[in-house]
Amino acid sequence: MKVLITLSSLAIVLFSSCAFSQQSKTEGLSVKLGDSIAQMQSAYQTPIEAEPYESATNKGGFVLRLRTKGVWVFFNKYGKAYTIRLDPPFKGNVAGVKVGDTVLAMKKQLGEPVKKPTKFGLNDSYLYYPDDTYSASYATNEAGEVETIFLTK
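Every value quoted in this text rests on a predicted model; they were computed, and no experiment measured them.

What counts and what doesn't
- Residues numbered from 1 in each chain as written.
- Predicted model: local features only at pLDDT ≥ 70, side-chain atom pairs only at ≥ 80, totals over all residues.
- Heavy atoms only, no water.
- Buried < 20%, exposed > 50% of the residue type's maximum accessible area, 1.4 Å probe, protein only.
- Helix = DSSP H or I, 4+ residues; strand = E, 2+ residues; numbered from the N terminus.
- Pairing = 2+ DSSP bridges.
- Phe/Tyr/Trp six-rings, centres within 6.5 Å; stacked < 30°, edge-to-face > 60°.
- Lys NZ or Arg CZ within 6 Å of the ring centre and 35° of its normal.
- Salt bridge = Lys/Arg side-chain N within 4 Å of Asp/Glu carboxyl O.
- Contact = heavy atoms within 4.5 Å.
- Axes fitted to C-alpha atoms, helices over the stretch in contact; angles between N-to-C directions.
- pLDDT = per-residue confidence, 0-100.
- Core = buried A, V, L, I, M, F, W, Y, C linked by side-chain atoms within 4.5 Å.

**Q** Got a minute to help me understand the pairing of strand β10 (residues 146-152) in this structure?
**A** Remark: a regular strand shows side chains that alternate across the two faces of the sheet. Burial analysis of β10 places five of its seven residues in the buried class, which makes it a mostly covered element. Across four bridges, the pairing between strand β5 (residues 81-86) and β10 is antiparallel. Following the sheet pairing, I84 is matched in β10 by L151. The pairing of strand β9 (residues 134-140) with β10 spans six bridges and is classified as antiparallel. Counterpart to S137 in the pairing with β10 is F150. A loop of five residues connects β9 with β10, the two strands running antiparallel in sequence, and G144 in this loop sits at a positive phi of about 75 degrees.

**Q** Which parts of the structure should I look at to understand the packing of aromatic side chains?
**A** Remark: the centre distance and the inter-plane angle together describe each pair of aromatic rings, the angle taken between the planes. Counted by the stated rule, this structure contains four aromatic pairs. Here W72 and F74 contribute two aromatic rings whose centre-to-centre distance is 5.9 Å and whose plane-to-plane angle is 15 degrees, an arrangement assigned as stacked. Clustering of aromatic rings is evident, with ring pairs tying together Y53, W72 and F74. If you follow R85 out to its NZ or CZ, it ends over the ring of W72, 4.9 Å from the centre.

**Q** What should I look at first to understand the pattern of salt bridges in this one?
**A** Overall, the coordinates contain four salt bridges when judged by the stated rule. In this structure, the salt-bridge partner of D35 is K32, at a minimum N-O distance of 3.0 Å. Looking at D35, the relative accessible area reads 8%, which means it is buried. Accessibility expressed as a relative area gives 42% for K32, which makes it partly exposed.

**Q** Where do I start with the side chain of N123 in this structure?
**A** Tracing the backbone shows N123 in strand β8 (residues 123-131). If we ignore the near neighbours within four places in the chain, the residues touching N123 are T118, T140, N141 and E142.

**Q** Where do I start with the sheet that holds β10 in this structure?
**A** Strand pairing in a sheet relies on backbone hydrogen bonds, with the paired strands running either antiparallel or parallel. Here eight strands make up an open sheet; going across it, the order is β2-β3-β4-β5-β10-β9-β8-β7 and the pairing antiparallel. The open sheet has two edge strands with one neighbour each: β2 (51-53) and β7 (118-120). Each adjacent strand pair in this sheet contributes to an overall mean axis angle of 30 degrees, direction not counted. The pairing of β2 with strand β3 (residues 61-66) spans three bridges and is classified as antiparallel. Within the sheet, the bridge partner assigned to P52 lies in β3 and is F62. In the packing of helix α3 (residues 103-110) onto the sheet, the strands contacted are β8, β9 and β10, and the crossing angle to β8 comes to about 20 degrees.

**Q** Hey, could you run me through the confidence of the model for the protein in this one?
**A** Reading fine detail from the predicted coordinates is not recommended where pLDDT is low. Summary statistics for the protein give a mean pLDDT of 86 and a share of 84% for residues scoring 70 or more. In this model, residues 1-23 is a region of pLDDT below 50 whose contacts with residues beyond four sequence positions or in other chains number four contacts.

**Q** I'm lost on the environment of F90 in this one. Help?
**A** On the secondary structure map, F90 appears in the loop between β5 and β6 (93-94). For the pair F90 and L29, spaced 61 residues apart in the sequence, the C-alpha separation amounts to 8.6 Å. Once residues lying within four places of it in the same chain are set aside, the contact partners of F90 are E27, G28, L29, K69, G70, V71 and V99.

**Q** How do you make sense of the nonpolar core when you look at a structure like this?
**A** Looking at soluble globular proteins, one finds that nonpolar side chains tend to be buried together. Counting 30 residues, the largest nonpolar core has L29, M40, L86, Y138 and L151 as its most contacted members. For this core, the secondary structure elements donating two or more residues are α2 (37-43), β3, β4 (71-75), β5, α3, β8, β9 and β10. If we ignore the near neighbours within four places in the chain, the residues touching L86 are L29, G70, V71, V94, V99, E147, T148, I149 and L151.

This is the structure:
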């Protein structure tokens, strides 16, 4: 009986792990939305401190940027991640799309965006919902390649 319970527990843990992996749809990213500053520092084993950051929608927040990883994380005043920005040299992918992919490759992978592309500077940004927990905006450069990926709740 103990063996059966142990195997059942193991199956639940493995299934839960797979389900979480499918839900997040990100590869190569060691932090997620809602994580704390300390969780990010631990995940990336960095002593870099978050710096004060404010925007029109976020007063009293912080940002932590890892230039060599291509990862920026924006935190609210409570120290919880609300936006993740991915730039070169980020090597992972979000829902199968990498920084540097063409718009054609992105659309082949994800289909049409949720709504008509919006402007990101002089170029376009394409909005998708990889799952029910976050949105991903893929901002392109003048060559029609994904240059920046923003993840938000």
